[in-house]
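Spelled out from the first residue to the last, the chains are:
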Amino acid sequence: MIFDILAFSCPLLLAATGALFSEYAGILALYMDGLITLSGFLTFLFTVLTGNLFAGITLSLLSASFLTFCFSLIIEKTKANPFIAAIGINLLFSAVVSLLSAIFFKTRGVLTSPDFAFPVVNVKIISLIATIILIGITIWFLKATQQGSYFRITGSDPDVLLVKGINPEFYRIASWTISGFFACGAGTMLALRISSFVPNLSSGRGWMALAAVFLGKRKLWKIAVCVMIFCGADYFSTSIQNILPGIPSSLLLALPYLVALLLIAIEKKD
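Residues numbered from 1 in each chain as written. Predicted model: local features only at pLDDT ≥ 70, side-chain atom pairs only at ≥ 80, totals over all residues. Heavy atoms only, no water.

(A) Molecular detail of the overall build of the chain. Secondary structure assignment for the chain yields eleven helices and zero strands. Starting at the N terminus, the α and β elements of the chain follow one another as α-α-α-α-α-α-α-α-α-α-α. By residue count, 46% of the 270 residues in the chain fall in the buried class. When the accessible area of the chain is evaluated, it comes to approximately 13,000 Å², of which 72% is carbon and sulfur surface. (Helix = DSSP H or I, 4+ residues; strand = E, 2+ residues; numbered from the N terminus. Buried < 20%, exposed > 50% of the residue type's maximum accessible area, 1.4 Å probe, protein only. Areas by Shrake-Rupley, 256 points an atom, 1.4 Å probe, with all protein chains shown as cover.)

Here it is in structure tokens:
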């Protein structure tokens, strides 16, 4: 069970790590939910088109991250409101998924393919290993490198960077791109886990990632604890229905979000 919960938490932990980078830059990654769904779709699309999983994952990560970079560059250069822009991008990503699905697969519903079917255990193991590696690199980068320290003060003390002759704009754009990369990883893992693509693949995980960053107070280990609590509740809601089928499914599906709201309310009260 512990292994299952750990593997279950990988997509959300990656999304929360990406949200942490944007939070350091003073930008809420409100586009993350749509980007998770988009990257899951692109992983399915490119894998089916190329017949190669590695190519599908690589093309998905590159294209979705590049899109995020382009949008962040436009926002920075035009001095647009990043919060409103992020909400707009989130809606755009969801619309793009629907459009591309209709163009390539003639449906906006669930997508399956013999070329996109993988053993569940293998996906769990690879997801866990990849997440540990990426989180380890993130901790090292943020704590042990000068660039990591610059990221951590971009949003709170941009004047310090200006005094050093460093343009905070560069780190804001980089934070958008890095958070986009982690969101892409989350979407890819979700699609691989179910060996298909379903509309609204993220199921609110982008918003839960933001909640985890808020509750974790920008501390990665605290964020990881919050993610484990959310995913533990999600795993419990999935398992308990097999034991107590009389419980309304809508209540069980809402359980992780109710836990998140409860934790936020407790945090606010403190």
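This is not the end of the story, as more comes after the structure.
(B) View of the side chain of Ser 60. Relative to the helices and strands, Ser 60 resides in helix H3 (residues 53–78). Residue classification places Ser 60 among the buried positions, given a relative accessible area of 0%. A polar atom in the side chain of Ser 60 sits 3.0 Å from the backbone oxygen of Ser 39. (Polar contact = N/O pair within 3.5 Å; in protein donor to acceptor, adjacent residues only side chain to side chain.)

(C) The packing of aromatic side chains, seen in detail. Counted under the stated rule, the structure contains 16 aromatic pairs. Seen in terms of ring centroids, Tyr 31 and Trp 176 are 5.1 Å apart; in terms of plane orientation they differ by 10°. Their pairing is stacked. Of this pair, Tyr 31 sits in the loop between helix H1 (2–24) and helix H2 (32–50) while Trp 176 sits in helix H8 (residues 168–194), and the two are 145 residues apart along the sequence. The class for Trp 176 is buried, based on a relative accessible area of 2%. Between Phe 71 and Phe 93, the ring centres sit 6.0 Å apart and the planes meet at 70°, which makes this aromatic pair edge-to-face. Placement of the pair is Phe 71 in helix H3 and Phe 93 in helix H4 (residues 82–105), with a sequence separation of 22 residues. You can call Phe 71 partly exposed: its relative accessible area is 23%. Phe 93 sits in the buried class, given a relative accessible area of 2%. (Phe/Tyr/Trp six-rings, centres within 6.5 Å; stacked < 30°, edge-to-face > 60°.)

(D) Looking closely at H1. For H1, spanning 23 residues, the distance from its first C-alpha to its last is 31 Å, which sits close to the expected 33 Å at 1.5 Å a residue. Roughly 40° is the biggest bend found in H1, and it falls at Cys 10, with proline Pro 11 one to four residues downstream. In terms of burial, H1 is largely enclosed, as 18 of its 23 residues are buried. Once H1 finishes, Gly 26 follows within two positions and takes phi at roughly 80°, a positive value. (Expected span 1.5 Å × (residues − 1). Bend = angle between axes of the 7 residues up to and from the residue.)

Limitation: the analysis is restricted to geometry and does not speak to function.
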